[in-house]
Amino acid sequence: LGTLDFSLLYDQENNALHCTINKAKGLKPMDHNGLADPYVKLHLLPGASKANKLRTKTLRNTLNPTWNETLTYYGITDEDMIRKTLRISVCDEDKFRHNEFIGETRIPLKKLKPNQTKNFNICLEKQLPIDKTEDKSLEERGRILISLKYSSQKQGLLVGIIRCAHLAAMDANGYSDPYVKTYLKPDEDKKSKHKTAVKKKTLNPEFNEEFCYEIKHGDLAKKTLEVTVWDYDIGKSNDFIGGVVLGINAKGERLKHWFDCLKNKDKKIERWHTLTNELPGAVLSD
């Protein structure tokens with residue numbers, strides 16, 4: 001089926017996985033002319049969403065393509081590196097029929113050491129069955145990068161909604177039109193709602209917006225920050241994509257992020273969080 005030459009690098013500090021697809025050799029001829037129009041497709045397993053897929057450009061009429069293209073997954077955590085596998089498939093693009101599969105390889109991400117580029121030159125294999133137990137990942141709705149900072153100058157909590165990565169697709173076109181809402185609860189007078197702008201047709205939106213909640217540092221421990229991501233729809237109700245709650249009653253990373261913010265006044269702390277489709281007592285309408 002041919003061989004594929006590529007390299008992988010997990011940039012731990014920036015939570016990014018860089019996949020550099022160099023070249024392939026001796027691919028199987030797929031077209032009448034004895035050649036192929038190959039491209040490479042990446043897919044993180046387990047993970048079902050379209051946003052989980054990346055692809056290179058197509059090179060025409062060759063069995064020995066050189067792409068030299070780097071594709072990057074953002075919002076990749078240390079936990080993903082233990083749990084997930086990168087599936088790399090080489091396919092033949094066809095104008096008139098379905099694109100055809102040439103060969104694939106799979107790399108468990110735990111084989112990579114953080115911040116070290118690892119080079120691979122691998123023989124492609126026939127299509128491996130996708131394990132149905134992988135569908136557990138469906139409760140994952142994407143990732144969000146949030147920054148928190150308690151500002152003594154502004155006497156308030158600054159919440160930064162920076163970006164989201166591989167959100168679940170809500171629209172028929174395979175994308176969403178996402179925006180983010182934040183609430184600081186309990187919120188008696190319903191004044192704490194903030195909303196970002198809507199980003200059109202993307203599963204990896206960048207918002208870079210910051211909201212300020214005026215509140216005494218001492219009162220923060222009693223509050224929880226609820227962050228929800230929605231898909232904007234004209235003329236019908238907006239779809240809930242996923243959410244995350246930070247605060248003293250949260251667990252794991254979500255608790256740690258809140259704690260680090262309370263502990264380190266005037267220091268901006270950024271973390272990626274996994275969006276899920278459960279929110280305690282959340283208002284599931286917009």
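Remember, predicted model here, so these are calculated numbers, not experimental data.

(A) Examining the sheet that holds strand β3 (residues 38-45) more closely. With antiparallel pairing, the 4 strands of this open sheet are ordered in space as β4-β3-β6-β7. The open sheet has two edge strands, β4 (53-55) and β7 (100-108), and neither has a second partner. Neighbour-to-neighbour, the strand axes of the sheet open up by a mean angle of 20 degrees, direction not taken into account. Sheet topology note: the β3/β4 ladder contains 3 bridges and is antiparallel. Across the sheet, the residue bridging to L42 is L54, located in β4.

(B) Layout of the sheet that holds strand β8 (residues 118-123). The strand order across the open sheet formed by 4 strands is β5-β2-β1-β8, and the pairing between neighbours is antiparallel. Strands at the two margins of the open sheet, each flanked by one partner only, are β5 (66-74) and β8. Taking each pair of neighbouring strands and ignoring which way they run, the sheet shows an average axis angle of 20 degrees. Sheet topology note: the strand β1 (residues 3-11)/β8 ladder contains 6 bridges and is antiparallel.

(C) Inspection of a positive patch on the surface at higher detail. Taken together, K110, K111, K113 and K118 make up a surface patch of like positive charges. Position of K110 relative to the elements: it lies in the loop between β7 and β8.

(D) Geometry of the UniProt feature "domain: C2" (unreviewed entry) in the chain. Annotation from UniProt places "domain: C2" (unreviewed entry) at residues 1-122 and 140-273. A helix fraction of 9% and a strand fraction of 47% characterise residues 140-273, whose end C-alpha atoms lie 11 Å from each other.

(E) Quick look at unusual backbone geometry. In this structure, the amide linkage connecting K185 to the following residue, P186, adopts the cis form with an omega of -5 degrees. By the element assignment, P186 lies in the loop between β11 (178-185) and β12 (194-195). Even without being a glycine, N15 presents a positive backbone phi close to 50 degrees. One can find N15 in the loop between β1 and β2 (16-25).

(F) Main features of the domain arrangement of the chain. Each assigned domain of the chain is listed here: domain 1 (3-123) and domain 2 (143-274). Just the C-alpha atoms count here: the centres of domain 1 and domain 2 sit 32 Å apart. Contacts between the two partners involve 11 residues from domain 1 and, on the opposite side, 8 residues from domain 2. When domain 1 packs against domain 2, close to 810 Å² is buried across both sides, 56% of that on carbon and sulfur atoms. Inspection of the domain 1/domain 2 interface yields 1 salt bridge. A salt bridge links R143 to D80; the shortest N-O distance between them is 2.5 Å. Applying the counting rule to domain 1 against domain 2 returns 3 residue pairs in polar contact (both at pLDDT 80 or more). Of the residues in the side of domain 1 that touches domain 2, the class split is 3 nonpolar, 6 polar and 2 charged.

Analysis parameters
Residues numbered from 1 in each chain as written. Predicted model: local features only at pLDDT ≥ 70, side-chain atom pairs only at ≥ 80, totals over all residues. Heavy atoms only, no water. Pairing = 2+ DSSP bridges. Helix = DSSP H or I, 4+ residues; strand = E, 2+ residues; numbered from the N terminus. Axes fitted to C-alpha atoms, helices over the stretch in contact; angles between N-to-C directions. Patch = residues over 30% accessible without salt bridge, like charges linked within 9 Å, V, L, I, M, F, W, Y side chains within 5 Å. Areas by Shrake-Rupley, 256 points an atom, 1.4 Å probe, with all protein chains shown as cover. Salt bridge = Lys/Arg side-chain N within 4 Å of Asp/Glu carboxyl O. Lys, Arg positive; Asp, Glu negative; His and termini not counted. Charge placed at Lys NZ, Arg CZ, Asp CG, Glu CD. UniProt positions renumbered as here; feature names shortened; annotations may be inferred. Domains from an automatic or database assignment. Contact = heavy atoms within 4.5 Å. Buried area = accessible area lost by both parts, 1.4 Å probe. Polar contact = N/O pair within 3.5 Å; in protein donor to acceptor, adjacent residues only side chain to side chain. Nonpolar A, V, L, I, M, F, W, Y, C, P; charged D, E, K, R; others polar.

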